[in-house]
Amino acid sequence: MTPTAGDGFIFDLAEPLHEIGEIARLCGPYDAVVIDVRDETAARPLLRDIRAAGTGLPSLVLLRACTEQSQKVLLDNGADDVLAGPVAPDLLGARLRAVHRRMFGHASAKLTCGNVVLDQALRRVTVDDRPVNLTLREIQILESLMLRRRMVLSKENFISRLYPDGESPGARVIDVFVCKLRRKLAAAGAPEIVHTVWGFGYTIEDPPQSAIAAARARLAAGVPRQRRAHLRQVVA
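The following paragraphs examine the structure supplied in this document. Bear in mind the structure is a predicted one, so any value in this text is a computation, not a measurement. (Residues numbered from 1 in each chain as written. Predicted model: local features only at pLDDT ≥ 70, side-chain atom pairs only at ≥ 80, totals over all residues. Heavy atoms only, no water.)

### Structural notes on the pairing of strand 4 (residues 110-113)
- Side chains Leu111 and Cys113 of strand 4 all project onto a buried face; the interleaved residues Lys110 and Thr112 project onto a face where none is buried.
- Two elements, strand 4 and strand 5 (residues 116-119), share four bridges in a ladder whose sense is antiparallel. Each bridged residue has a counterpart across the sheet, and for Cys113 the counterpart in strand 5 is Val116.
- With antiparallel pairing between neighbouring strands as the criterion, strand 4 and strand 5 make up a hairpin whose turn holds two residues, including Gly114 at a positive phi of roughly 65°. (Buried < 20%, exposed > 50% of the residue type's maximum accessible area, 1.4 Å probe, protein only. Helix = DSSP H or I, 4+ residues; strand = E, 2+ residues; numbered from the N terminus. Pairing = 2+ DSSP bridges.)

Here it is, written out as structure tokens:
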């Protein structure tokens, strides 16, 4: 498991490689599959296995022997992107973010929720164009939520995306990150967009215009945070 430089990605090596489909289905959650092989003939059966597993994960193929014809064949066989390898880590990170956000219906690298904007390319968050000083972990949590609008993500889901196996400080650290994230967004004039779903995890919702206006007014008055606005309860 190795994070790419500066991006915070964590990779699991699929072993044995011919079981990549089942590994992707059973050992996640994963955000994407990267296939790094010599040529098209080695990549095709792996793509077939991934699609047969029914994960729906975007697949990015790196070919050491890459031609226009091999790119066409692999794109027609289920690849979401095909690149000539080796690929610089920054480019690989950008490609992964692109195929991943398209899976959730986001066309732009700028993810927006209310007056909060997360620029994936710059790894920067702003509220009404004011920069918000977030840590890498806080950006990653906000990004995961913004990509999956209105989906509830468990603490375990966050942990699996933030830390390699055996290096997690425990699920309660997610509560700490979310608390700091909320406080920083509110201090910049954002309404509460990150909500706790008791017993399940966290979700993000687009705020109404009235909430955005109220948050801006609170910021102007010097009391930017509304008490306990983030609580949600699911009734069975």
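### With respect to the sheet that holds strand 5
- With respect to topology, four strands assemble into an open sheet ordered 4-5-6-7, the strand pairing being antiparallel. This sheet does not close on itself; its edge strands, each paired only once, are strand 4 and strand 7 (130-132). Averaged over all pairs of adjacent strands, the angle between strand axes in this sheet comes to 30°, irrespective of strand direction.
- Inspection of the sheet shows strand 5 paired to strand 6 (residues 124-127) by four bridges, in the antiparallel sense. Paired with Val117 across the two strands is Thr126, which belongs to strand 6.
- Against the sheet, helix 5 (residues 136-147) makes contact with strand 4, strand 5 and strand 6, and its axis sits at roughly 105° relative to strand 5, the strand it touches most. (Axes fitted to C-alpha atoms, helices over the stretch in contact; angles between N-to-C directions. Contact = heavy atoms within 4.5 Å.)

### Examining the sheet that holds strand 2 (residues 59-63)
- Read across the open sheet, the three strands follow the order 1-2-3; overall the sheet is parallel. Of all the strands in the sheet, just strand 1 (33-37) and strand 3 (81-84) have a single pairing partner and so form its edges. When strand polarity is set aside, the average angle formed by the axes of neighbouring strands in this sheet is 20°.
- The sheet contacts of helix 3 (residues 68-76) involve strand 2 and strand 3, and relative to strand 3 the element is tilted by about 155°.

### Considering the nonpolar core
- Ranked by internal contacts, the top residues of the largest apolar core, which has 31 residues, are Val125, Ile141, Leu142, Ile174 and Leu185.
- Of all the elements in the fold, those that place two or more residues in this core are strand 4, strand 5, strand 6, helix 5, helix 6 (155-162), helix 7 (172-187) and strand 9 (201-204).
- The residues touching Ile141, leaving out its near neighbours within four places in the chain, are Phe158, Leu162, Ile174, Phe177, Val178 and Leu181.
- Membership of the second largest hydrophobic core comes to 17 residues, among which are Ile23, Ile35, Leu46 and Val61. (Core = buried A, V, L, I, M, F, W, Y, C linked by side-chain atoms within 4.5 Å.)

### Some thoughts on the environment of Leu60
- Here Leu60 shows up in strand 2.
- Each C-alpha atom of the pair Leu60 and Asn133 lies 32 Å from the other, and the pair is 73 residues apart in sequence.
- Among all residues touching Leu60, those that are not within four sequence positions of it are Val33, Val34, Ile35, Asp81, Leu83, Leu92, Arg95 and Leu96.

### Concerning the side chain of Ser144
- Structurally, Ser144 can be placed in helix 5.
- Given a relative accessible area of 11%, Ser144 falls into the buried group.

### Topic: the packing of helix 5 against helix 7
- Running from amino to carboxyl end, helix 5 crosses helix 7 at an angle of 85°, the nearest separation of the two axes being 10 Å. With respect to their mutual orientation, helix 5 and helix 7 come out roughly perpendicular. Every residue of helix 7 that contacts helix 5 at Arg137, Glu138, Ile141 and Leu142 is listed here: Ile174, Phe177, Val178, Lys180, Leu181, Lys184 and Leu185.
- When grouped by side-chain class, the residues that make up the contact of helix 5 with helix 7 number seven nonpolar, no polar and four charged. (Parallel < 35°, antiparallel > 145°, perpendicular 65-115°, else oblique. Nonpolar A, V, L, I, M, F, W, Y, C, P; charged D, E, K, R; others polar.)

### A short note on the packing of helix 2 (residues 40-53) against helix 3
- In the contact formed by helix 2 and helix 3, the axes pass within 10 Å of each other and the chain directions differ by 5°. Classed by the angle they form, the pair helix 2 and helix 3 counts as roughly parallel. Facing Glu40, Ala43, Arg44 and Leu47 of helix 2, the residues of helix 3 in contact are Ser70, Val73 and Leu74.
- When the residues that make up the contact of helix 2 with helix 3 are grouped by side-chain class, the tally is four nonpolar, one polar and two charged.

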